[in-house]
Amino acid sequence: MRYLIITKSELNKFPILSSCKEFFWMPINNKLSGEYYLQLKAQSDLNKYGINYTIGEVEIKQDNLE
């Protein structure tokens, strides 16, 4: 799936308040690749706070779904 990939150097800028002011964005660490990522809907908030990111594919391991 496509996500916003956050570099480790940008992690010190988090957490940031979402534009709807109901929660804070905090990147998730992908244990499979070591990348930090957020959902695409966080893009405008990252732009607002001047946080650098790339858009790319992130493979997420699904643990024993029942």
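The structure presented is a predicted model; accordingly, all values stated were derived computationally and were not measured. (Residues numbered from 1 in each chain as written. Predicted model: local features only at pLDDT ≥ 70, side-chain atom pairs only at ≥ 80, totals over all residues. Heavy atoms only, no water.)

1. Re the overall build of the protein chain
Here comes step 1: Scanning the protein chain from N- to C-terminus turns up one helix and six strands.
Here comes step 2: For the protein chain, the sequential pattern of α-helices and β-strands runs β-β-β-β-β-α-β.
Here comes step 3: C-alpha atoms of the protein chain, sized along the principal axes, occupy 35 × 25 × 20 Å.
Here comes step 4: Out of the 66 residues in the protein chain, the part that is buried amounts to 32%.
Here comes step 5: Across the protein chain, the fraction of contacts at a sequence separation of at least 24, relative to all contacts at a separation of at least 6, is 61%.
Here comes step 6: Of the roughly 4800 Å² that the protein chain leaves accessible, carbon and sulfur atoms contribute 52%.
Here comes step 7: Counting 8 positive and 8 negative side-chain charges, the protein chain places the averaged centre of each group 7 Å from the other. (Helix = DSSP H or I, 4+ residues; strand = E, 2+ residues; numbered from the N terminus. Buried < 20%, exposed > 50% of the residue type's maximum accessible area, 1.4 Å probe, protein only. Contact = heavy atoms within 4.5 Å. Areas by Shrake-Rupley, 256 points an atom, 1.4 Å probe, with all protein chains shown as cover. Lys, Arg positive; Asp, Glu negative; His and termini not counted. Charge placed at Lys NZ, Arg CZ, Asp CG, Glu CD.)

2. Focus: the environment of Asn-52
Here comes step 1: The topology assignment puts Asn-52 in the loop between α1 (43-48) and β6 (53-57).
Here comes step 2: Classification of Asn-52 by relative accessible area gives exposed; the value is 51%.
Here comes step 3: Taking the C-alpha atoms as reference, Asn-52 lies 16 Å from Ser-18; in sequence the two are 34 residues apart.

3. Describing the side chain of Glu-10
Here comes step 1: Position of Glu-10 among the secondary structure elements: in the loop between β1 (2-6) and β2 (16-17).
Here comes step 2: With near-sequence residues (within four places) excluded, Glu-10 lies in contact with Gly-50, Ile-51 and Asn-52.

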